[in-house]
Amino acid sequence: MKRGDRMKAVLEDALHPSVLEIRDDSARHRHHAAMQTQAQQSRGPAQVGETHYHLHVVSSRFDGMKTLARHRLVHELLAEEFKTGLHALSLSLKGENQP
């Protein structure tokens, strides 16, 4: 299963979002030597990539939460992905009651 699919399953289960967009931005960072080395060490040379993602999530779970708390929650939910090669997330996290 691809990293994006695993992240989608975790986020849907925990947040029940009305909007969940996941974009793999790894190709934009593939020239970073550290990313190539990290990818090879964590997943093997055949699985380079899947290190940088952008997430846009709208969920009632975020209502009343400050931005930092939202970010921490998503990072905690995806902790296993960070252990296996996920390097960076760009996050757009909104509650249902936000414009």
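It should be noted that the structure appears before, not after, this text.
Criteria and thresholds
Residues numbered from 1 in each chain as written. Predicted model: local features only at pLDDT ≥ 70, side-chain atom pairs only at ≥ 80, totals over all residues. Heavy atoms only, no water. Helix = DSSP H or I, 4+ residues; strand = E, 2+ residues; numbered from the N terminus. Buried < 20%, exposed > 50% of the residue type's maximum accessible area, 1.4 Å probe, protein only. Contact = heavy atoms within 4.5 Å. Areas by Shrake-Rupley, 256 points an atom, 1.4 Å probe, with all protein chains shown as cover. Expected span 1.5 Å × (residues − 1). Arc of directions from axis to C-beta. Pairing = 2+ DSSP bridges.

Considering the overall build of the protein chain
- The helix and strand inventory of the protein chain stands at four helices and three strands.
- The helix and strand sequence of the protein chain, counted from the amino end, reads α-β-α-β-α-α-β.
- Classification of the 99 residues of the protein chain by burial places 34% in the buried group.
- Here the analysis covers contacts within the protein chain between residues at least 6 apart in sequence; of these, 73% occur between residues at least 24 apart.
- Summed over all atoms, the accessible surface of the protein chain reaches about 6000 Å², with 50% contributed by carbon and sulfur.

Regarding helix α1 (residues 3-15)
- With 13 residues, α1 should reach 18 Å at 1.5 Å per residue; the first-to-last C-alpha distance of 18 Å fits that figure.
- All of the buried residues along α1 are R3, G4, M7, L11 and L15. All buried residues of α1 fall inside an arc of 90° around its axis, so they share one side.
- Of the residues flanking the end of α1, it is H16, one or two places downstream, whose phi is positive at about 45°.

Some details on the environment of A14
- Looking at the element boundaries, A14 is found in helix α1.
- The spatial distance from the C-alpha of A14 to the C-alpha of L73 is 9.9 Å, given a sequence separation of 59 residues.
- If we ignore the near neighbours within four places in the chain, the residues touching A14 are R61 and L77.

Some points on the pairing of strand β2 (residues 52-58)
- By the criterion of burial, β2 is predominantly enclosed, with seven of the seven residues buried.
- Both faces of β2 are covered, namely the face carrying H52, H54, H56 and V58 and the face carrying Y53, L55 and V57.

Describing unusual backbone geometry
- Its identity as a non-glycine residue notwithstanding, H16 has a phi of 45°, on the positive side.
- Considering the arrangement of structural elements, one finds H16 in the loop between α1 and β1 (19-24).

Details of the pairing of strand β3 (residues 88-94)
- Every second residue of β3 is oriented toward a common face, the buried set being L89, L91 and L93 and the non-buried set A88, S90, S92 and K94.
- Here β2 runs beside β3; their pairing, made up of seven bridges, is parallel. Bridge pairing in β3 places H52 opposite A88.

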